[in-house]
Structure formats: structure tokens, C-alpha cells
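Residue-level structure breakdown
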Amino acid sequence: MKDSEGIISKIACFNFKKCDTTDFIEACFNFKDLKLINVTNVKIDLIDETEVRELLIVPLTSIDVKAVLILAKPCKFSGFELKFLRRIRDLMSLGLTNARNYKRLQEESYLDPLTKLYNRRFGMKRFQELLSLAARESKPLVVGMMDIDDFKKINDTYGHLAGDYVLRTLATIIKQHVRDIDLVVRYGGEEILIVLFNTDKSNGKKVFERIRETIEKYSFEFEGNPIKVTVSIGYYPIPPEELIENAKNRYKEFIEKADEALYKAKKTGKNRVVCYSRREIKENSQTY
């Protein structure tokens, strides 16, 4: 299947040993009608080593995607098979559209449409689940809050589309540095919440520093314009003993502490990672 942005996805592969995107597959997306291809004496990589005589390409077109169904036979396709597939082609295209729309509706219920990170509503539920899991298994957590430095300046200088590009790219970078068990949420605007499961203070700092450094060194470029992007991160490590009682009901408190550390990171120069400290936060709140 090829979506409106030209990205090809594999839907299913039966009997073929491989389902790779080749130049031949690419060309099949341009067919408007069923096409028979004689492949006598050409070896097709099938599981049972069957010698294929013909390939039948069935193009499927929906509103925003194209797809191809590729069938292989050791003999010629009959006229009845061609007639049947031509008749049900529209039904298959409709099924593809319905399946895609259903998946899209599901994603919209829990994903932020721009960054494809969890949205705030779903993310908070997932955070509470992680807190409960950490409490049951006596595992530490690290809660981090990230903010793009001078994001308003980026929007004002390069436009809001450039700001959207920066947010999408940041989301991709972050996901490359965390595990499936961890949580990444677009908390609001340019703020991103990151929760690291079974991670202590020291390892949490290493993860956040890697993310910060990767973003600082990354070559952001939009419409030919290089954009300098840095982030500030505040984090709060939660030891297992702090998760014993009603842990999931304290998620707002943990986020607030990470947010306070982020505030300190912003006030002390930006482009840095700062751990929450009750004493330091108190002193800095008096200073500022």
C-alpha cells in the first residue's frame, strides 16, 4: 500500500519468501487495470519452490491510498478469475479504505496528530498505569519534562510550519532514545513529558543528556533555512519507596516537580538537564 505521501507499507505476504519493495513493485502502483505478466522460465521466490508461469497485478485505489495485489500461478489465469477479480476490485478498495479509516480513528483517540506521540488525555492514563506497575514491582521511575528553548522565536522567524517540522523531528529523535515500556507524551504546546520505567536518577540523567545532545547537534533545516534548536529538560527521579501508597493518584505531583526542575533549567541558561532538588528549587524561587 502507498499512502498520499508516497510511503509504502506491507499489508500481507502469503507463500512468497520475501515481501520486499522493489522497482517492479513500485511500477505496479502505476497500473490502472488488471495486468497479466508472463514469467515463464523466471524463478519466483516462493516458499514451496513452485514454478510460476503468470503474475496477475490487481491495482486497488481508494481516496488517499493506492495498493496492489500480486498473485502468482503455475499455470495461466482463467477468464473467470480475471472477470471475478475485476468485479470485486472495487469492494476490496472499499475494504482497504474502511480499514484505514478505522485505524485512523483509533489513533486519533490516543495520538497527537502532529507528533504521533501520545496525547495528554491518554498519556495521563498511561502514566498512572506505569506508576501502579512500578509500585507493584518496586521499580524506580524518572519523570522528565522537556521544553524547546525559544520556540516562539522559531515560529516568529521561520513560520509555524517550521515550528511543526521541529516538533515532528523532535518526537522522532526522542522515540529513538527510549524503550517501548517508556512513555512519551505531547503534554502541551512545545512541552513533552518523558517517563522512564525501571530507571534510577543516574541512568535517567544519561538518557536525557543523550537526547539533549542529539537535538543540539542535529541539523534542522526547513525550506532551505537551517534552524538552531536546543531543549531544556527538568526531571524528577522517583525511588520505589515513594511509590508504595496510592502512587497513581500522585501523578500530578510528580509532573509538577519535573516542571519545577525545568523552570530552573530555563532560568540558569537553557540547553541543559536539571534534576529536581527541593532545597535548590526553594532557594531559586526566592532568588527569582
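Placed above this text is the structure.
Let us look at the structure shown here. Along each chain, the written sequence defines residue order, and numbers are assigned to residues from 1. For this predicted model, a pLDDT threshold of at least 70 governs which residues receive local features, and a threshold of 80 or more governs which side-chain atom pairs are given and counted, while totals over whole chains, interfaces and linings are taken from all residues. For side-chain calculations, the full set of non-hydrogen atoms in the structure is used, while hydrogens and water are omitted.

Focus: the overall build of the chain
- Check the secondary structure of the chain and you find 8 helices and 11 strands.
- A globule of 288 residues ought to have a C-alpha radius of gyration of about 19 Å, yet the chain, at 26 Å, is considerably larger.
- C-alpha atoms of the chain, sized along the principal axes, occupy 85 × 50 × 30 Å.
- Categorising residues by exposure relies on relative accessible area from a 1.4 Å probe, with only protein chains included: less than 20% of the type maximum marks a residue as buried, more than 50% marks it as exposed, and the intermediate range marks it as partly exposed. Out of the 288 residues belonging to the chain, those deemed buried represent 41%.
- In the chain, once contacts between residues fewer than 6 apart in sequence are set aside, the share between residues at least 24 apart is 64%.
- When the accessible area of the chain is evaluated, it comes to approximately 16800 Å², of which 50% is carbon and sulfur surface.
- Positive residues here are Lys and Arg, negative ones are Asp and Glu, while His and the chain termini are left out of the count. Charged side chains are reduced to one point each, which is NZ for Lys, CZ for Arg, CG for Asp and CD for Glu. Charge-centre separation for the chain: the mean point of 50 positive side chains lies 1 Å from the mean point of 43 negative side chains. Helix and strand definitions follow DSSP, with helices as H or I runs of at least four residues and strands as E runs of at least two, each counted in order from the N terminus. Just to be clear, the radius of gyration here is over C-alpha atoms, and the globule rule we use is 2.2 Å times residues to the power 0.38. By the convention used here, residues are in contact when the closest approach between their heavy atoms is within 4.5 Å. Throughout, the Shrake-Rupley method with a 1.4 Å probe supplies accessible areas, and for residues the shown protein chains are the sole cover considered.

Here we look at the nonpolar core
- Here the nonpolar core consists of buried residues drawn from Ala, Val, Leu, Ile, Met, Phe, Trp, Tyr and Cys, with membership extended through side-chain atoms lying within 4.5 Å. Membership of the largest hydrophobic core comes to 33 residues, with the highest contact counts inside it found for Met146, Ile148, Val166, Ile194, Phe208, Ile215 and Phe220.
- Those elements that provide at least two residues to this core are β5 (141-148), α4 (151-158), α5 (160-176), β7 (191-197), α6 (201-217), β8 (220-222), β10 (231-238) and β11 (273-275).
- With 8 residues, the single largest contributor to this core is α5.
- Those residues in contact with Phe220 that sit more than four places away from it in its chain are Tyr165, Val166, Thr169, Leu170, Ile173, Ile215, Asn225, Pro226, Ile227 and Val229.
- One finds Tyr236, Leu243, Ala247 and Tyr251 within the second-largest nonpolar core, a separate group that totals 27 residues.

A look at the pattern of salt bridges
- Salt bridges are defined by distance alone: a side-chain nitrogen of Lys or Arg within 4 Å of a carboxyl oxygen of Asp or Glu. Counted by the stated rule, this structure contains 18 salt bridges.
- Residues Glu26 and Lys2 are paired through a salt bridge, measuring 3.3 Å at the closest nitrogen-oxygen approach. Here Lys2 lies in strand β1 (residues 2-3) and Glu26 lies in helix α1 (residues 23-28), a separation of 24 residues in the sequence.
- Connected through salt bridges with shared partners, the residues Glu242, Arg250, Glu253 and Lys257 form a single ionic network.

Focus: the side chain of Asp147
- With respect to the helices, strands and loops of the structure, Asp147 is situated in strand β5.
- A residue is classified by how much of its surface remains accessible, and Asp147, at 10% relative accessible area, is buried.
- Aside from chain neighbours lying at most four places away, what touches Asp147 is Glu190, Glu191, Val231, Ser232, Leu262 and Lys266.

A few points about helix α2 (residues 79-110)
- Its 32 residues place the ends of α2 47 Å apart at the C-alpha level, agreeing with the 46 Å of an ideal helix rising 1.5 Å per residue.
- What we call the bend at a residue is the angle made by axes fitted to the seven residues finishing there and the seven residues starting there. Ile88 marks the point of greatest bend in α2, at about 40°.
- Turning to α2, its buried residues number three or more, namely Leu82, Leu85, Arg89, Ser93, Leu96 and Thr97.
- Looking at the packing, one finds that the buried side of α2 touches β2 (35-38), β3 (54-61) and β4 (65-73). Here a helix's expected span is defined as the number of its residues, less one, multiplied by 1.5 Å.

Digging into the sheet that holds β10
- What makes two strands pair is DSSP finding at least two bridges between them. The strand order across the open sheet formed by 5 strands is β6-β7-β5-β10-β11, and the pairing between neighbours is mixed. Every interior strand has two partners, whereas the edge strands, β6 (183-188) and β11, have only one. Across the sheet, the axes of successive neighbouring strands diverge by a mean angle of 20°, strand direction being ignored.
- Note that β5 and β10 share 8 bridges and pair antiparallel. Bridging across to β10, Met146 finds its partner in Ile233.
- Whenever a helix is involved, its axis is fitted only over the stretch in contact; in every case the axis is a line through C-alpha atoms, and angles between N-to-C directions fall within 0 to 180 degrees. Contacting β5, β6, β7 and β10, α5 runs over the sheet at an angle of about 155° to β5.

Some thoughts on the packing of aromatic side chains
- The rule is short: rings of Phe, Tyr and Trp, with Trp giving its six-membered ring, pair when the centres are within 6.5 Å, and they are stacked under 30 degrees, edge-to-face over 60, tilted in between. Scanning the model with the defined rule gives 11 aromatic pairs in all.
- Measuring from centroid to centroid gives 6.3 Å for Tyr165 and Phe220, while their planes differ by 80°, and the two rings are edge-to-face. Here Tyr165, found in helix α5, pairs with Phe220, found in strand β8; they are 55 residues apart in sequence, far enough to count as distant. Of the two residues, Tyr165 and Phe220, neither departs from the other in class, the shared state being buried.
- Each ring, one from Tyr236 and one from Phe254, has its centre 6.1 Å from the other, and the planes form 20°; the classification is stacked. Pair noted here: Tyr236 is in strand β10 and Phe254 is in helix α7 (residues 251-267), with a separation of 18 residues, a long-range link.
- Taking the relative accessible area as the measure of exposure, Tyr236 reaches 7% and is therefore buried.
- Since its relative accessible area comes to 0%, Phe254 is described here as buried.
- By the criterion adopted, a ring carries a charge over it if an Arg CZ or a Lys NZ lies within 6 Å of its centre and within 35 degrees of its normal. Over the face of the ring belonging to Phe77 we find Lys73, whose NZ or CZ atom lies 5.4 Å from the ring centre.

Note that all results are geometric; they support no functional claim without further evidence.
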